[in-house]
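# What the coordinates show
Here is what each chain is made of, one letter per residue.
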Amino acid sequence: MSTIFKSKTTGYHMPILPYPNSALSPVLSQATIEYHYGKHLQTYVDNLNNLVGDTEYEGMTLREIVIAAPKGPLFNNAGQVLNHTLYFEQFTATPLPKNQPSGALMSAIRFDFGSFDTMKKKIEDASAALFGSGWVWLVQDDSDKLSIVSCPNGDNPIRQGLTPLYGIDVWEHAYYLDYQNRRAEYVKRLWDIVDWEMVESRMNI
Ligand code: MN
């Protein structure tokens, strides 16, 4: 599991980017990273720290808060901190050859979707179909089956007992500087920067 799921911290922090701000360009420009990571995510982290104080959720892990908190400002900000941590940690400036997974993840994708390309198409279709702001996730369920789920706004599949493996932020702030209204192009270009070893490390195996 991602280390953030294991952290027992009373503060909620920005994830450390595993690449320089400019390293994902031109898929995600330096300006997009500076605004999306540096401004949007920082605001969610600050809001979460302000909202969680003196509540029953203070001291819980981020994962525990996202599962337990009722829908509202605390949940929205905790969900977005978790979502964005998973998002920014799943990219790399040095992707694997052929930009595709291997090992247990590739085996599971082929078993559950038929092929890697079919999985990618299902994620692209779900991203296009999600109206408004939200997230599209490749998830694993309790029986290890993979599927694609869409979540509105700041929701996360762990609320449904699912393990998020790869997530696409389809809020306009994630792509507007680089792609304007072309959400489908943004989703397709992300395939060039996925750290599939990181994604596989999130599997329950
Ligand atoms: Mn975002």
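Residues numbered from 1 in each chain as written. Predicted model: local features only at pLDDT ≥ 70, side-chain atom pairs only at ≥ 80, totals over all residues. Heavy atoms only, no water.

### Section: the coordination of the manganese ion
In an ideal tetrahedron of four donors about a metal, each angle is 109.5 degrees. In an ideal octahedron of six donors, the angles are 90 or 180 degrees. Our working definition: Only nitrogen, oxygen and sulfur atoms qualify as donors, provided they sit within 2.8 Å of the metal or within 3.2 Å for Na, K and Ca; with water excluded from the atoms, sites may seem incomplete. Only runs of H or I of at least four residues qualify as helices and only runs of E of at least two qualify as strands under DSSP, and these elements are numbered from the N terminus. Burial classes: relative accessible area under 20% of the type maximum marks a residue as buried, over 50% as exposed, and values in between as partly exposed (1.4 Å probe, protein chains only).
Within the protein, the manganese ion binds to His36 (NE2), His84 (NE2), Asp169 (OD) and His173 (NE2); these donor distances fall in the range 1.9 to 2.1 Å. All donors to the manganese ion come from one chain, and their sequence spacing reads H-x47-H-x84-D-x3-H. Taken together, the residues span a long stretch of sequence, with His84 in helix H4 (residues 73–89) and Asp169 in strand S3 (residues 163–169) at a distance of 85 residues. Here the two residues His84 and Asp169 agree in accessibility, since each one is buried.

### Quick word on unusual backbone geometry
In terms of backbone geometry, most residues other than glycine have negative phi values and most peptide bonds are trans. A cis amide bond links Ser25 with the next residue in sequence, Pro26, at an omega value of 5°. Looking at where Pro26 falls in the secondary structure, it is placed in the loop between helix H1 (3–6) and helix H2 (30–52). Not every positive phi belongs to a glycine, and Lys98 is a case in point at roughly 70°. Mapping Lys98 onto the fold places it in the loop between H4 and helix H5 (103–113). According to the relative accessible area criterion, Lys98 is exposed, its value standing at 70%.

### So, the sheet that holds strand S2 (residues 146–152)
The criterion, for reference: DSSP-based pairing: two strands are paired if at least 2 bridges between them are found. Whenever a helix is involved, its axis is fitted only over the stretch in contact; in every case the axis is a line through C-alpha atoms, and angles between N-to-C directions fall within 0 to 180 degrees. Pairs of residues are marked as contacts when any of their non-hydrogen atoms sit within 4.5 Å.
Spatially, the three strands line up as an open sheet ordered S2-S1-S3, and their pairing is antiparallel. One side of each edge strand has no neighbouring strand; the edge strands of this open sheet are S2 and S3. Strand-to-strand, the axes of this sheet are offset by a mean angle of 25°, without reference to chain direction. With seven bridges connecting them, strand S1 (residues 134–140) and S2 associate as antiparallel partners. The partner of Val136 across the bridge, within S2, is Ser150. Of the strands in this sheet, S1 and S3 touch H4, which is tilted by about 65° from S1.

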